[in-house]
Structures are given as C-alpha cells and as structure tokens.
Amino acid sequence: MDTDVVIVGAGPVGLLLGAELCLAGVRPIVLERLPAPSEQPKARGIGVLAAEALRRRGLGPELDREHAKGLAALAEDHGTTKTHFAWIHKIDPEAADPGRRGALIGQPALEKVLRHHLADLGVDVHYGFDVTGWHDDGDAVTLDLDTPTGPRQITAGYVVGCDGGYSTVRKLAGFGFPGTAPLMTVRYAHAEVSGRDQLPPPGRLPAGTLFHDDGMIATFDFADAAYDRSAPLSSNEIRDSVRRVAAVDITIDTFHGGLRFTDQARQADAYQLGRTLLAGDAAHVHSPNGGQGLNLGLMDAMNLGWKLGATIRGLAPHDLLATYTSERHPVGAAVLHNTRAQSALLAPGPHVDALRDIMSDLMDLPEVNQRLARMLSGITHRYAVPGCAAHPIVGTHCPPLTVNDSPLEQFTTDGRPLLLHPQAGNLDLGERVRVVMAEVSSDEKLAAVLLRPDGVVAWAASPGEDLEPPALHDAVNAWFGRTY
Ligand SMILES: Cc1cc2nc3c(=O)[nH]c(=O)nc-3n(C[C@H](O)[C@H](O)[C@H](O)COP(=O)(O)OP(=O)(O)OC[C@H]3O[C@@H](n4cnc5c(N)ncnc54)[C@H](O)[C@@H]3O)c2cc1C
C-alpha cells in the first residue's frame, strides 16, 4: 500500500479534510485534476459553523481580513448586506444567534487560506493528477491516475472523494445518488450587450428571472432547452436563454465567460461504501440559494477528519466511522429540502408572485427572520449523540466560549479532544483527552464541557451539577476509544 488515505479533489472540502487528517496524526495524499488552483468565483462566504470551525484552528485573522472586503462587495451588488431566502433579501445573518458570525470570504481567497494551512501542516497538493479508475479489493483501494508524467496507479487504505458535484469517485465506486431533477438552469455571463435598453428591468418575468447590469447578464430559466452540460457556457446559449426568459433578442458584443448551474438536488444514499467515502459536493448537490453548500461541505470535512484519522490509527471505538454518515446525511438532507422550497418560490407565474409577497411580509416578523437565519446557518441541528438529554448543548456545535478569560480557539488549534473542567486535576481520563483546568464563561450556563475535535459537545455540566458523573466517562469512552 502506498499510503493510508488519498483525498481526490483540492477544492475547499478536500483541503480542509487534509488538514484535519494531519491534526489527527495521518498524512494524506491530495490529488487535484486541475493544473493549478481554481480562481473561479463561486461562494462569497461561509456560514457560522464553518467560520467558527476555522477560527478554532487559528484561521480567524485571515477570515476577518477578508470579511470587510466581502461586506462592501455584497452591499454594492445587492444594495444590502442582508442574505436571502429564494432571493428575498431580508434575512439578517446575525439574527441566527447574536454573537455567532460567519465570514464573507470569496471562495478563491478561502481556498488559498486552506492551502496554506494544509502546507503548514506538511502536505502539498499534487496538481494535474486526474483520477480515472477505481478498484477496491476489500483490503485497499487502487486508483488509476492521469498525471503530468503519464498514467500511474496509487493504492490507499481509504479514498475520500472530495471531487465536487460531478464526482468521478462517487460514480466509479457505485454510490447511489437519488434526488430531484432541475426545475431551472441559472446562467451568469460577464458580457457587453447591445440592446440592453430593450430589456425589461431586472426581476421576475413570465418564464423566469432576469438580471442585468453593466458588463453582466444572468437568467434563472424555467423554460429550458436541451444543452450540452459538459461544454462551457457560450454566448449563443446565454442569448437563447434571454430570449426564452425575457422574449427579447440581444446581441452579445463581447463575451468574457460565465457560469451555468442548476437546482437539481441529489444526495449520496450513504457517505461510505467500504473503504471509499464522500464529502462536500461529491456527497450532495443542490442550488446555491441561501449560500449553504460550502458551509455544509466544510462541516463534512470537520466531522470526517478526526474519525477517519482515529480509525486509520487503530484508536477509534467500534463503528466510529459509521457515525460520519449517520450524523452528516440528515444535515445534507435538510439543506436539499430548503433549497427545493426556494426553487418553488422562484418559479415564474402569478401564483408564486402571490406566495412570494406573503413570504416577504412574513420575513418582516423577527421570529420568522430568525427561524430562517437559523435554518440556513445549520446551527439548530443537533446530533443524536449518547447523553443528549443531559444538557441542551450536548450534540450541538459548541458556540464561542470564554475559557479562563481567553477565547476558546486558544485551546483547539491542535485538534485534540478537549475537556474544560474546573477540577481538572482530580480527573483521570488517560491520554485520550486534553484536560484543561478552566472556568468557562458562556450564555449556556456551563460549568464543564467535553468537546470532540470537530467542536461538537460530547458532554456538558451546568453549575451545581455533579462534575464527574458516569456520563462523562461514558462520553470519553464512546468517542475516543480506550487506547488513546
Ligand atoms: C455560482 C455558485 C455560487 C455559489 N455560492 C455559494 C455561496 O454563496 N455559499 C456557499 O456556501 N456555497 C456556494 N456555492 C457552492 C460551493 O461553491 C460548493 O459547495 C463548494 O465549491 C464545494 O466544495 P467541494 O470542495 O466539495 O467541491 P469543489 O469546489 O467542486 O472542488 C472539487 C475539486 O475536485 C477536483 N476534481 C474533480 N474531479 C477530479 C478527479 N477525477 N481527479 C482529481 N480531482 C478532481 C475539481 O477540479 C475541484 O477542484 C456556490 C456554487 C456556485 C456554482
């Protein structure tokens, strides 16, 4: 065997997974088909959970540096810094949970931060390595590769497909990918257009939605024709789509390229098949509405990294790796569900116009606004971990805490399981957990807390409770094995 684990794809999810595996004591090989990092602008930012996860790894200053730029760009493009549900821009992201914040950082800038983070941990990406074949013999997986120096093979104990929505790994390994076909196709072009004065104002039209501004034109096309999905967006394709959506013929004078994507919503039926796993867009695709894909994929990587690392090192409790699918699949399904609702609200026609008016009015209610903000951020999701009933925070991603007057991230950059406890000196938990004698200060009425490496609360106690109940030892045994 050449290596313990190969990560296929160096998008944001593959890069973060690589770093998390390093922190868990396993050095992965990371393969990327492109000859160099992608500069394609996709996501404009990351949600609360992913931003907090990266801050816990010490990347907060980089996120904060980009955030101010991202905020200004958002205000310029949409006239507001509110986020949207089905393009109704009324959601206050801070409303999800005051004090918890995402980060507006463009995807290329984020990938650069993650690439440097991974390189600092000793792993460089192999660019120009395209995975073309897959074979699992039960003991290891062998991949066929096209590389800059010709074809070769690599054999690994585990392979993780982080290779995006069209995932080769997912297809070769035979994962089921059920879901719903697209209702609409979105086309976004950087282009100089003659005849723009003939176009209706940006907004909803009988066959979709049209946006245009100096140097850009975009359609949400519900009356789509067949097109070659493998070909890049062309000027003829955008012209035809504008004709369908707006019933206007435009001339595209200069076409600088663009993007095409749909709202198809599909999810792998499991995230693990034998020695092959999926994370990020390879495991789930859906429309970008509500800006959830990157957050979802990065949190897959956080969840998987320490579990796969412990499994490879023989330190994991029985079936730890299976909890990757059981915890993450429902979170992905919830995102698919709300993006389908958003597609329904974007469909053209007077009935949906009426529904949008009602929805827009409802979003003025603070309770509704907060409910949607929480749903899009994913912070309300709670894993069904053992001991869940003991404290409302168990099973959730830990909110920012103050620990002995310092921020939580000062104790989490090494990625180890962490117990914050006021009587740490009296506890004997072996080497499995980093134990810090700490006074915890938070809004959550916490006296002590046990965190998994992905920031999920595995056990917590309120002030006045027994601070060394059997439940604490049960949680350590359940998550961190007996042989750490
Ligand atoms: C227009 C647009 C706007 C978006 N806006 C948002 C937003 O506002 N917020 C948000 O959260 N998300 C948004 N998203 C979604 C977000 O961009 C994706 O969820 C994110 O890129 C997923 O990351 P990933 O690493 O899983 O996959 P990708 O970023 O797709 O990376 C996969 C990588 O794998 C490589 N690869 C593929 N096949 C192979 C192979 N055979 N061998 C080796 N390498 C391979 C690819 O070259 C690529 O680099 C948007 C997406 C689009 C298209």
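Structure: above.
So, how was this worked out
- Residues numbered from 1 in each chain as written.
- Predicted model: local features only at pLDDT ≥ 70, side-chain atom pairs only at ≥ 80, totals over all residues.
- Heavy atoms only, no water.
- Axes fitted to C-alpha atoms, helices over the stretch in contact; angles between N-to-C directions.
- Helix = DSSP H or I, 4+ residues; strand = E, 2+ residues; numbered from the N terminus.
- Parallel < 35°, antiparallel > 145°, perpendicular 65-115°, else oblique.
- Left-handed = near helix turned anticlockwise from the far one by under 90°.
- Contact = heavy atoms within 4.5 Å.
- Nonpolar A, V, L, I, M, F, W, Y, C, P; charged D, E, K, R; others polar.
- Pairing = 2+ DSSP bridges.

K.L.:
Help me understand the packing of helix α2 (residues 48-56) against helix α7 (residues 293-312), please; the structure alone is not making it clear to me.
P.N.:
A pair of packed helices is captured by two measures, namely the crossing angle of their axes and the spacing between those axes. Following both chains from N to C, one finds α2 and α7 inclined at 45 degrees, their axes separated by 8 Å at the closest point. If you check the angle between α2 and α7, you find them oblique. Crossing of α2 over α7 shows left-handed handedness. Between α2 and α7, the contacting residues are Val-48, Leu-49, Ala-50 and Ala-53 on the first element and Asn-295, Leu-298, Met-299 and Met-302 on the second. Residues that form the contact of α2 with α7 fall into these classes: seven nonpolar, one polar and no charged.

K.L.:
I keep staring at the pairing of strand β8 (residues 150-161) and nothing clicks. Help me out?
P.N.:
Walk down a regular strand and you will see the side chains alternate between the two sheet faces. When strand β1 (residues 3-8) meets β8, the two strands line up parallel, connected through five bridges. The residue bridging Val-6 from the neighbouring strand is Val-159, located in β8. When strand β7 (residues 141-147) meets β8, the two strands line up antiparallel, connected through seven bridges. For Leu-143, the partnering residue across the bridge sits in β8 and is Ile-154.

K.L.:
Even after reading the chapter, I still don't get the sheet that holds strand β23 (residues 440-441), so can you show me in this structure?
P.N.:
Across a sheet, paired strands are connected by hydrogen bonds in the backbone, their directions being either parallel or antiparallel. Spatially, the three strands line up as an open sheet ordered β20-β19-β23, and their pairing is antiparallel. Looking at strand neighbours, the two that pair on one side only are β20 (406-407) and β23, the edges of this open sheet. Here two bridges tie strand β19 (residues 402-403) to β20, and the two strands are oriented antiparallel to one another. Across the sheet, Val-403 pairs through a bridge with Ser-406, a residue of β20.

Structural measurements only, silent on function.
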